[in-house]
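Listed here are the chains, written in short residue letters.
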Amino acid sequence: MNNTSTHNIHQPTIMVIENEVSNRLLIERVLSTRGYRCISASNGRDALEMLDRERVDLVLTDLSMPVLDGYQTTQLIRARPGMQNVPIVAVTAFALNDEGEAAKQIGCTEYLTKPFKPRQLLEVVERLLHQSA
């Protein structure tokens, strides 16, 4: 057990953009076990509105969503001041290499294919947060 006080330590905030409620809740549960603060949106438009009020350390976005898909959302996030270097992870059900490469071309740092193990999610998140710190 680590007895270090967490009051002075920055708790990373992760935005989860996912239209499937069960997937969103699973991701939030996995991340919260490691002490991450999660804010969630069910589509890109809601996510962009939240970013007007919230600062985030990392974004996880589904690529296939209503209203604004993950590709459009990523491009709009990248166009915002101060968001050029925030890691964005595309979460996709499509295991095709083309989709992962397309996600990277429009500004995603990395992609994760569904279904994924909680450990895989945490490894990607922790590595990217460490790199951007």
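The structure displayed is predicted, hence computed values, not measured ones.

Student: How do you make sense of the UniProt feature "modified residue: 4-aspartylphosphate" (unreviewed entry) in the chain when you look at a structure like this?
Tutor: Under the UniProt annotation, the feature "modified residue: 4-aspartylphosphate" (unreviewed entry) is placed at Asp62. With respect to the helices, strands and loops of the structure, Asp62 is situated in strand β3 (residues 58-62). Residues in contact with Asp62, not counting those within four places in the same chain, are Ile17, Glu18, Asn19, Gly70, Val91 and Lys114. Separated by 3.4 Å, the side chain of Asp62 and the backbone nitrogen of Ser64 make a polar contact.

Student: Explanation requested: the layout of surface pockets in the structure shown.
Tutor: Any empty space left between atoms is shown by rolling a water-sized probe over those atoms. Of the volumes computed, that of the largest pocket is approximately 210 Å³. Around the largest pocket, the lining residues are His10, Pro12, Tyr36, Arg55, Val56, Asp57, Asn85, Val86, Pro87, Leu129, Ser132 and Ala133. Here the lining of the largest pocket is built from residues that sort into 7 nonpolar, 3 polar and 2 charged.

Student: Sorry if this is basic, but what is going on with the pattern of salt bridges here?
Tutor: Any two side chains of opposite charge can pair, so long as their charged atoms come close to each other. With the rule as written, the count across this model stands at 8 salt bridges. Salt-bridge contacts for Lys114 lead to Glu18; the nearest nitrogen and oxygen are separated by 3.0 Å. Highlighted residues: Lys114 in the loop between β5 (110-113) and α5 (118-132) and Glu18 in the loop between β1 (13-17) and α1 (21-32), separated in sequence by 96 residues. Residue classification places Lys114 among the buried positions, given a relative accessible area of 18%. Residue Arg37 pairs with Glu54 through a salt bridge whose shortest N-O separation is 3.0 Å. A residue pair is termed long-range when its members are at least 10 positions apart, and Arg37 in strand β2 (residues 37-41) and Glu54 in the loop between α2 (44-51) and β3 qualify at 17 residues. Take Glu54: its relative accessible area is 27%, and that puts it in the partly exposed class. Beyond isolated ion pairs, a larger network of salt bridges with shared partners links Glu18, Asp62 and Lys114.

Student: Help me out: how do you make sense of unusual backbone geometry in this one?
Tutor: For residues other than glycine, phi is negative in most cases, and the peptide bonds are mostly trans. In the segment running from Lys114 into Pro115, the intervening peptide bond is cis, with an omega of -10°. For Val67, which is not glycine, the phi torsion reads 70° and is therefore positive. One can find Val67 in the loop between β3 and α3 (70-78).

Student: Explain α5 to me, please; I cannot follow it from the model alone.
Tutor: In an α-helix, one turn spans 3.6 residues; hence positions three or four apart end up facing the same way. With 15 residues, α5 extends 21 Å between its outermost C-alpha atoms, agreeing within 8% with the 21 Å of an ideal straight helix rising 1.5 Å per residue. Where α5 is concerned, the buried positions are Leu121, Leu122, Val124, Val125, Leu128 and Leu129. Each buried residue of α5 sits inside an arc of 165° when the element is viewed along its axis, so together they form one side. In α5, the exposed residues that point more than 90 degrees away from the buried face are Arg119, His130 and Gln131.

Student: How should I be thinking about the pairing of β1 in this particular structure?
Tutor: Regular strands place side chains that alternate from one sheet face to the opposite one. With 5 of 5 residues buried, β1 is to be regarded as a mostly interior element. The side-chain alternation of β1 yields two buried faces, one formed by Thr13, Met15 and Ile17 and the other by Ile14 and Val16. Note: β1 against β2, 5 bridges, orientation parallel. Residue pairing in the sheet places Val16 in a bridge with Ser40 of β2. With respect to chirality, the unit in which β1 leads through α1 into the neighbouring parallel β2 is right-handed. As defined by bridge partners, β1 adjoins β3 across 4 bridges and the pair is classed as parallel. Paired with Ile17 across the strands is Thr61, a residue of β3.

What counts, and where the lines are drawn
Residues numbered from 1 in each chain as written. Predicted model: local features only at pLDDT ≥ 70, side-chain atom pairs only at ≥ 80, totals over all residues. Heavy atoms only, no water. UniProt positions renumbered as here; feature names shortened; annotations may be inferred. Helix = DSSP H or I, 4+ residues; strand = E, 2+ residues; numbered from the N terminus. Contact = heavy atoms within 4.5 Å. Polar contact = N/O pair within 3.5 Å; in protein donor to acceptor, adjacent residues only side chain to side chain. 1 Å grid on protein atoms, 1.4 Å probe; cavity = no way out; pocket = protein on both sides within 12 Å on 5 of 7 lines; lining within 4 Å. Points joined across faces, edges and corners; volume = space filled by probe spheres on them. Nonpolar A, V, L, I, M, F, W, Y, C, P; charged D, E, K, R; others polar. Salt bridge = Lys/Arg side-chain N within 4 Å of Asp/Glu carboxyl O. Buried < 20%, exposed > 50% of the residue type's maximum accessible area, 1.4 Å probe, protein only. Expected span 1.5 Å × (residues − 1). Arc of directions from axis to C-beta. Pairing = 2+ DSSP bridges. Right-handed = clockwise from strand over helix to strand, strands pointing away.

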